[in-house]
Amino acid sequence: MGTANVHIEMFFDKDSSTFSYVVADTHSRQAAVIDPVLDYDAAAGSIKTDGADNILAYLAQQQFSLQWILETHAHADHLSAADYLKRKTGAPIAIGEGIKKVQQTFKLVFNLGDDELTAKGDYFDKLFSDSETFAIGSLDAQVINTPGHTNDSVSYLIAGNLFVGDSLFMPDAGTARCDFPGGDAHILFHSIQRIYQLPEDTRIFICHDYQPNGRELRYLTSVAEQKAANIHVKADTPEQEFVQKRETRDKTLAVPRLIYPSVQVNIRGGQLPKAEANGVSYIKIPLTLK
């Protein structure tokens, strides 16, 4: 198994500032898609598949066969296109086994019965355990549990390239928030230490870039750059300093505008809620009168 044949292509969803990736073995032509996005218009309640179709077109153009659909976590800012890609290609959907905790939490939030969600990892074909290895064609891949932002957050180390989901942003944007259910700044700190223990030339592909101060879009960094310049946690940042900085910052953040639609779909692996008698699916929004 090797690393020389790896090919990585980035796709950007402007509405949610999300990066999706195709990671392929150019020898076997086997590929994985990481964190695919559906196009969702919340005001209109409409869903399109333009972004996912662009990925499918690219796979066809390159003659890549989709072997895996990989989720870094159940995202709170966009609807996953994982189920759509699975229906189009037959590829399995994989995520970290922590998804069971996330399902348990949001099963209560959305008052879902067992007929809708058992919270045992249903809707996903593969639940990865920490340090589990797998392959994309001839490419070595390993799962690294990196919770803290969410209970189910994982990073994928593929042929020397790390796909970190939301755990790390570009160094000038810091790290993910930790105030979602199951989030914990102490846990995220230790997850980041695991990343910082990797070789310094490990390339890091992030999931979001919000372009601080209007700079150009960036999606690629490295362990060395993060350790030297991350505004929230450098190589020598004490845990308590990071936790205080992260928790203080989190108190200023608004609830993500798509958290309820996103999580409700993404804990189902990208499947929409079961259609009702009229053939229409509906998103539940918990209401609190204050």
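Residues numbered from 1 in each chain as written. Predicted model: local features only at pLDDT ≥ 70, side-chain atom pairs only at ≥ 80, totals over all residues. Heavy atoms only, no water.

Caption draft 1: Region of interest: helix H1 (residues 50–62). For H1, with 13 residues, the first-to-last C-alpha span of 18 Å sits near the 18 Å given by 1.5 Å per residue. Those residues of H1 that fall on the buried side of the exposure criterion are Ala52, Ile55, Leu56, Tyr58 and Leu59. Here the buried residues of H1 occupy an arc of 160° about the axis, which is enough to place them on one side. Looking at H1, the residues exposed on the side facing more than 90 degrees away from the buried face are Ala60 and Gln61. In this structure, the buried side of H1 is in contact with strand E1 (6–13), strand E2 (18–25), strand E3 (30–34), strand E6 (65–70) and helix H2 (82–89). Looking one or two residues beyond H1, the residue adopting positive phi is glutamine 63, at roughly 60°. (Helix = DSSP H or I, 4+ residues; strand = E, 2+ residues; numbered from the N terminus. Expected span 1.5 Å × (residues − 1). Buried < 20%, exposed > 50% of the residue type's maximum accessible area, 1.4 Å probe, protein only. Arc of directions from axis to C-beta. Contact = heavy atoms within 4.5 Å.)

Caption draft 2: A look at the layout of surface pockets. Approximately 610 Å³ is the volume attributed to the largest pocket. As for the largest pocket, its lining consists of 26 residues, of which Asp77, Phe169, Arg177, Tyr210 and Leu253 are closest to the centre. Its residues assigned to classes, the lining of the largest pocket comprises 11 nonpolar, 7 polar and 8 charged. (1 Å grid on protein atoms, 1.4 Å probe; cavity = no way out; pocket = protein on both sides within 12 Å on 5 of 7 lines; lining within 4 Å. Points joined across faces, edges and corners; volume = space filled by probe spheres on them. Nonpolar A, V, L, I, M, F, W, Y, C, P; charged D, E, K, R; others polar.)

Caption draft 3: Representation of H2 in the model. All of the buried residues along H2 are Ala82, Asp83, Tyr84 and Leu85. Buried residues in H2 make contact with E3, H1, E6 and strand E7 (93–96). Backbone geometry just after H2 places glycine 90 at a positive phi near 85°.

Caption draft 4: Representation of the packing of helix H4 (residues 185–196) against helix H6 (residues 239–250) in the model. Close contact between H4 and H6 brings their axes to 9 Å; oriented N to C, the two are set at 125°. The pairing of H4 with H6 is recorded here as oblique in orientation. When the axes of H4 and H6 are compared, the crossing they make is right-handed. Of the residues in H6, those in contact with Ala185, His186, Leu188, Phe189 and His190 of H4 are Glu239, Gln240, Phe242, Val243, Arg246 and Glu247. Tallied by class, residues from the contact of H4 with H6 come to 5 nonpolar, 3 polar and 3 charged. (Axes fitted to C-alpha atoms, helices over the stretch in contact; angles between N-to-C directions. Parallel < 35°, antiparallel > 145°, perpendicular 65-115°, else oblique. Left-handed = near helix turned anticlockwise from the far one by under 90°.)

Caption draft 5: Expanded view of empty space enclosed by the protein. Tallied over the entire structure, the rule returns 1 cavity of 30 Å³ or more. Volume-wise, the largest cavity comes out at about 80 Å³. What lines the largest cavity is Ala74, Ala76, Val102, Phe106, Thr150, Asp152, Phe180, Pro181, Ile259 and Val263. For the lining of the largest cavity, the per-class residue count stands at 8 nonpolar, 1 polar and 1 charged.

Caption draft 6: A look at the sheet that holds strand E12 (residues 161–163). Spatially, 6 strands are ordered E9-E10-E11-E12-E13-E14 in an open sheet, and the strand pairing comes out mixed. The two strands at the open ends of the sheet, each matched to only one other strand, are strand E9 (133–136) and strand E14 (220–222). On average, each strand axis in the sheet is tilted by 30° relative to the strand beside it, whichever way the strands run. The pairing of strand E11 (residues 154–158) with E12 spans 3 bridges and is classified as antiparallel. Among the inter-strand pairings, leucine 157 is bridged to a residue of E12, identified as leucine 162. Along the sheet, H4 contacts strand E10 (139–145), E11, E12 and strand E13 (203–205); its crossing angle with E10, the most-contacted strand, is approximately 155°. (Pairing = 2+ DSSP bridges.)

Caption draft 7: Region of interest: the pairing of E6. Both E3 and E6 contribute to a ladder of 5 bridges, which runs parallel. Counted as the bridge partner of isoleucine 34 is leucine 70 from E6. In the sheet, E6 pairs with E7 via 2 bridges, with the strands oriented parallel. Paired with leucine 70 across the bridge in E7 is alanine 94.

Caption draft 8: Representation of the environment of threonine 150 within the structure. Looking at where threonine 150 falls in the secondary structure, it is placed in the loop between E10 and E11. Exposure remark for threonine 150: the relative accessible area of 7% places this residue in the buried category.

Caption draft 9: Summary view of the nonpolar core. With 41 residues, the main nonpolar core has Leu70, Phe134 and Ile158 as its most contacted residues. In terms of residue count, H4 provides more of this core than any other element does, 6 residues in total. Not counting residues up to four positions away in its chain, the partners in contact with leucine 70 are Ala32, Val33, Ile34, Asp35, Pro36, Ala94, Phe128, Phe134, Tyr156 and Ile158. In this structure, Ala81, Leu85, Leu117 and Phe180 belong to the second largest nonpolar core, which totals 38 residues. (Core = buried A, V, L, I, M, F, W, Y, C linked by side-chain atoms within 4.5 Å.)

Caption draft 10: How the structure looks around the sheet that holds E6. With mixed pairing, 6 strands are arranged side by side in an open sheet as E1-E2-E3-E6-E7-E8. Two strands bound the open sheet, and with one partner strand each, they are E1 and strand E8 (126–128). Between one strand axis and the next, the sheet turns through 25° on average, direction left out of account. Relative to E3, E2 is paired through 5 bridges, and the arrangement is antiparallel. Paired with valine 23 across the bridge in E3 is alanine 32. Here H1 sits on the sheet in contact with E1, E2, E3 and E6, set at roughly 155° to E1. Where H2 meets the sheet, it contacts E3, E6 and E7, and its direction lies at approximately 155° from that of E6.

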